[in-house]
Amino acid sequence: MFPSLVWKTQIEQNLHEAMRARILAALAEMRQDAPPLKLGQGWQSGHDFHQHEALRELVSCIDHCAAGILRFLRIGTEGCEITGCWATVLAPGASHQLHSHPNNFLSGVYYVRTGEGADTLNFHDPRKQASIIRPPVTELTAENTDQVVVRVREGTLLLFPSYLEHSVDANRSDDERVSISFNLMFSSFTQRLSKPLW
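Residues numbered from 1 in each chain as written. Predicted model: local features only at pLDDT ≥ 70, side-chain atom pairs only at ≥ 80, totals over all residues. Heavy atoms only, no water.

Participant: So what exactly am I meant to see when it comes to the packing of helix H1 (residues 13–30) against helix H2 (residues 56–72) here?
Facilitator: Interaxial distance between H1 and H2 falls to 9 Å at its minimum, and their mutual angle equals 130 degrees. Between H1 and H2, the interaxial angle falls into the category oblique. Judged by residue contacts, Leu15, Met19 and Arg22 of H1 engage Glu57, Leu58 and Cys61 from H2. Among the residues making up the contact of H1 with H2, the classes are represented as four nonpolar, no polar and two charged. (Axes fitted to C-alpha atoms, helices over the stretch in contact; angles between N-to-C directions. Helix = DSSP H or I, 4+ residues; strand = E, 2+ residues; numbered from the N terminus. Parallel < 35°, antiparallel > 145°, perpendicular 65-115°, else oblique. Contact = heavy atoms within 4.5 Å. Nonpolar A, V, L, I, M, F, W, Y, C, P; charged D, E, K, R; others polar.)

So, in structure tokens, the structure goes:
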């Protein structure tokens, strides 16, 4: 009952490799005057990265996946648009604390560069009341866990409800972990959906 859905897509390898090269080149240009990241440090771009030419193909993939999700959920509105998009670079040892993305309908992340030890995303149980009583269990199962770990690789595209809290464990690889995060909201929100429903 009341599932929290996560959609996982693997971008075709040739397309991913082309996008990866353009995105990494764009990030290198953005960071050319910045000092190298130290152990445990992270870096984020501005939130308008979806407007950069290097993300043209990725934005098209995101739009296509979002349209499919709206059809699957039987959402009766014409579409979503990206409200924010940014790159995150995590040096070895860097992590990202538990968070969600308020004031959006869908959020997502695309994995540009990952490696063993930097290839998971943690989703946390959104039912806050479920943690009031947490008895010990003999085995973790899908029915009693409060966290689901999704394994990703380069070219993985994830979309999920923006309310779903998530976190990133410390990068245990020897290289920087590079991902592109984004939020989507209904294009007609201010015209139609922000009015009271009573």
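Participant: How do you make sense of the sheet that holds strand S5 (residues 106–113) when you look at a structure like this?
Facilitator: Picture the strands of a sheet paired through backbone hydrogen bonds; they go either parallel or antiparallel. What the six strands build is an open sheet, ordered S1-S8-S5-S10-S3-S2; its pairing is antiparallel. The open sheet has two edge strands with one neighbour each: strand S1 (7–10) and strand S2 (42–44). In this sheet, neighbouring strand axes are inclined to one another by 20 degrees on average, regardless of whether the strands run parallel or antiparallel. Sheet topology places strand S3 (residues 80–90) next to strand S10 (residues 177–186); ten bridges connect them, and they run antiparallel. Paired with Val89 across the two strands is Val178, which belongs to S10. Contacts from H1 reach S2, S3, S5 and S10, with the element oriented near 90 degrees to S5. (Pairing = 2+ DSSP bridges.)

Participant: Help me out: how do you make sense of the environment of Phe123 in this one?
Facilitator: For Phe123, the location among the structural elements is in strand S6 (residues 120–124). Residue classification places Phe123 among the buried positions, given a relative accessible area of 5%. Not counting the four nearest positions on each side in its chain, Phe123 is found in contact with Val6, Asp146, Gln147, Val148, Val150, Phe160, Leu164, Glu165 and His166. (Buried < 20%, exposed > 50% of the residue type's maximum accessible area, 1.4 Å probe, protein only.)

Participant: Before we go on, may I ask you to explain the pattern of salt bridges in this structure?
Facilitator: Opposite charge on two side chains permits them to pair, given that their charged atoms come into close proximity. Inspection of the entire model under this criterion finds eleven salt bridges. Taking the shortest distance from any N to any O, the salt bridge between Glu154 and Arg20 comes out at 3.3 Å. Taken together, the residues Glu154 in the loop between strand S7 (147–151) and strand S8 (156–161) and Arg20 in helix H1 connect sequence positions 134 residues apart. Looking at Glu154, the relative accessible area reads 26%, which means it is partly exposed. Note that Asp119 is salt-bridged to Arg151, the shortest N-O span being 3.1 Å. With Asp119 in the loop between S5 and S6 and Arg151 in strand S7, this pair connects stretches of sequence that are 32 residues apart. Salt bridges here are not isolated pairs; linked through shared partners, they connect Arg22, Glu53, Arg56 and Glu57. (Salt bridge = Lys/Arg side-chain N within 4 Å of Asp/Glu carboxyl O.)

Participant: Teacher, can you tell me more about the state of the cysteines here?
Facilitator: The term disulfide refers to a covalent linkage connecting the sulfur atoms of a pair of cysteines. Under the counting rule described, the total for this entry stands at zero disulfides. The closest cysteine sulfur to the non-disulfide-bonded Cys65 is located on Cys61, 6.7 Å from its own sulfur. Free of any disulfide, Cys80 has its nearest neighbouring cysteine sulfur in Cys65, separated by 12 Å. Residue classification places Cys80 among the buried positions, given a relative accessible area of 18%. (Disulfide = S-S within 2.5 Å.)

Participant: I'm lost on the nonpolar core in this one. Help?
Facilitator: Grouped burial of nonpolar side chains is what soluble globular proteins tend to show. Core analysis: the biggest nonpolar cluster contains 33 residues, and Ile23, Phe49, Leu55, Tyr110, Leu157, Ile180 and Leu184 have the highest contact counts within it. If you list the elements that add at least two residues to this core, you get H1, H2, S3, S5, S8 and S10. Sorting elements by how many residues they give to this core places H2 first, with eight residues. Leaving out residues up to four positions away in the same chain, Tyr110 has contacts with Ile11, His16, Met19, Leu58, Gly155, Thr156, Leu157, Val178, Ser179, Ile180 and Phe182. (Core = buried A, V, L, I, M, F, W, Y, C linked by side-chain atoms within 4.5 Å.)

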